[in-house]
Amino acid sequence: SAEGFNIDAGGLAPYFGDLGGSLLINTGGVMLITNAGDWRVNSNHTVVVEGGALIVTKNPSGTITFGPNGNQSTANAAGFTNNAGTVVFDRPFQLRGRYTRFIMNGGVLDLLGGGGIAESSNDQERPWLINGGTANLGDFSITRTTGGGGLLISNGVVTATSLRIGTSASRAYATIYGGVLT
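Heads up: these notes are all about the structure in this document. (Residues numbered from 1 in each chain as written. Predicted model: local features only at pLDDT ≥ 70, side-chain atom pairs only at ≥ 80, totals over all residues. Heavy atoms only, no water.)

1. A look at the sheet that holds strand β12 (residues 108–111)
If you trace the 8 strands from one edge of the open sheet to the other, you get β1-β3-β6-β9-β12-β15-β18-β21, paired in parallel fashion. The strands lining the two open edges of the sheet, one partner per strand, are β1 (5–8) and β21 (179–181). Neighbour-to-neighbour, the strand axes of the sheet open up by a mean angle of 5°, direction not taken into account. Pairing between β12 and strand β15 (residues 134–136): 3 bridges, direction parallel. Opposite V108, over in β15, you have T134 as the bridge partner. (Pairing = 2+ DSSP bridges. Helix = DSSP H or I, 4+ residues; strand = E, 2+ residues; numbered from the N terminus. Axes fitted to C-alpha atoms, helices over the stretch in contact; angles between N-to-C directions.)

Okay, structure coming up:
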């Protein structure tokens, strides 16, 4: 519930997302992460930006890996939800895991480093859902999904510098039910 929470990670992982844990950033709350190395949010963990802001910037290199790669159970899936908040990542944000999901209900998403679904083991069944708001996806790719997974746009304004679907040895999907994709 603090107005601001700043992490200078000194080149290390700034946040681990332990099993069964969660991070909630409420309205008015801001979490700023700088100088971070590679970091992962593991299984059975949730991150919710509820009207606040999560900003990851000024990082030298690395990737944010959200969710465990592979065929985990629904109980071990990771979940990221942005409800009318602001989320900015300056490095690639990779969603992984069969049941891991990303849900955006309004607000702003800015993937300055690009990102996408980077599952290499099994087809992802949960969507990267943009349900309103403004999403700048940058260089966005989708490796493997079922028809229920993939990129799903509904009533949002989405831009991408590139959009690659099916970049692995499997099928992948993207669906637009409303909104704009450029």
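2. Observations concerning the environment of T134
Tracing the sequence through the fold places T134 in strand β15. Sequence separation between T134 and G107 is 27 residues, and the spatial gap between their C-alpha atoms is 6.4 Å. Residues in contact with T134, not counting those within four places in the same chain, are M104, G107, V108, L109 and V157. (Contact = heavy atoms within 4.5 Å.)

3. A word on the nonpolar core
Ranked by internal contacts, the top residues of the largest apolar core, which has 37 residues, are L54, F80, F89, F93, L109, W128 and L137. Residues in contact with W128, not counting those within four places in the same chain, are F93, L95, F102, L109, L111, G116, I117, L137, F140, G150, L151 and L152. (Core = buried A, V, L, I, M, F, W, Y, C linked by side-chain atoms within 4.5 Å. Buried < 20%, exposed > 50% of the residue type's maximum accessible area, 1.4 Å probe, protein only.)

4. Regarding the sheet that holds strand β5 (residues 46–50)
Strand order in the open sheet formed by 7 strands is β2-β5-β8-β11-β14-β17-β20, and the pairing between neighbours is parallel. In the strand order of this sheet, the two ends are held by β2 (22–25) and β20 (174–176), each with one partner. Pairwise comparison of adjacent strand axes, ignoring direction, gives a mean angle of 5° for this sheet. As paired strands, strand β17 (residues 150–154) and β20 are joined by 3 bridges and run parallel to one another. By the bridge assignment, L152 is partnered in β20 with T175.

5. Some remarks on the pattern of salt bridges
What the rule picks out here adds up to 6 salt bridges. Among the ionic pairs, R91 bridges to D90, the shortest N-O distance being 3.9 Å. A relative accessible area of 3% places R91 in the buried class. When its relative accessible area of 21% is taken as the criterion, D90 is described as partly exposed. Between D123 and R144 there is a salt bridge, with the nearest N and O atoms lying 3.1 Å from each other. Taken as a pair, D123 in the loop between β13 (115–117) and β14 (127–131) and R144 in the loop between β16 (139–142) and β17 lie far apart in primary sequence, 21 residues in all. For the residue pair D123 and R144, the accessibility class agrees, reading buried in each case. Salt bridges linked by common partners bring R98, E125 and R126 together as one network. (Salt bridge = Lys/Arg side-chain N within 4 Å of Asp/Glu carboxyl O.)

6. Observations regarding the environment of G132
Mapped onto the secondary structure, G132 falls in the loop between β14 and β15. The buried category is assigned to G132, whose relative accessible area is 10%. C-alpha separation for the pair G132 and G178, spaced 46 residues apart in sequence, amounts to 9.3 Å. With residues up to four places along the chain from it excluded, the contact list for G132 reads M104, G106, S154, N155 and G156.

7. Looking at the packing of aromatic side chains
Taken as a whole and assessed by the stated rule, the structure comprises 10 aromatic pairs. Ring centres of F80 and F89 lie 6.2 Å apart, and the angle between their planes is 70°; on these two criteria the pair is classed as edge-to-face. Comparing F80 with F89 shows no difference in burial state: the two are buried. Summarising the aromatic geometry, the rings of F102 and W128 are spaced 4.4 Å apart at their centres and angled 15° between planes, so their arrangement reads as stacked. (Phe/Tyr/Trp six-rings, centres within 6.5 Å; stacked < 30°, edge-to-face > 60°.)

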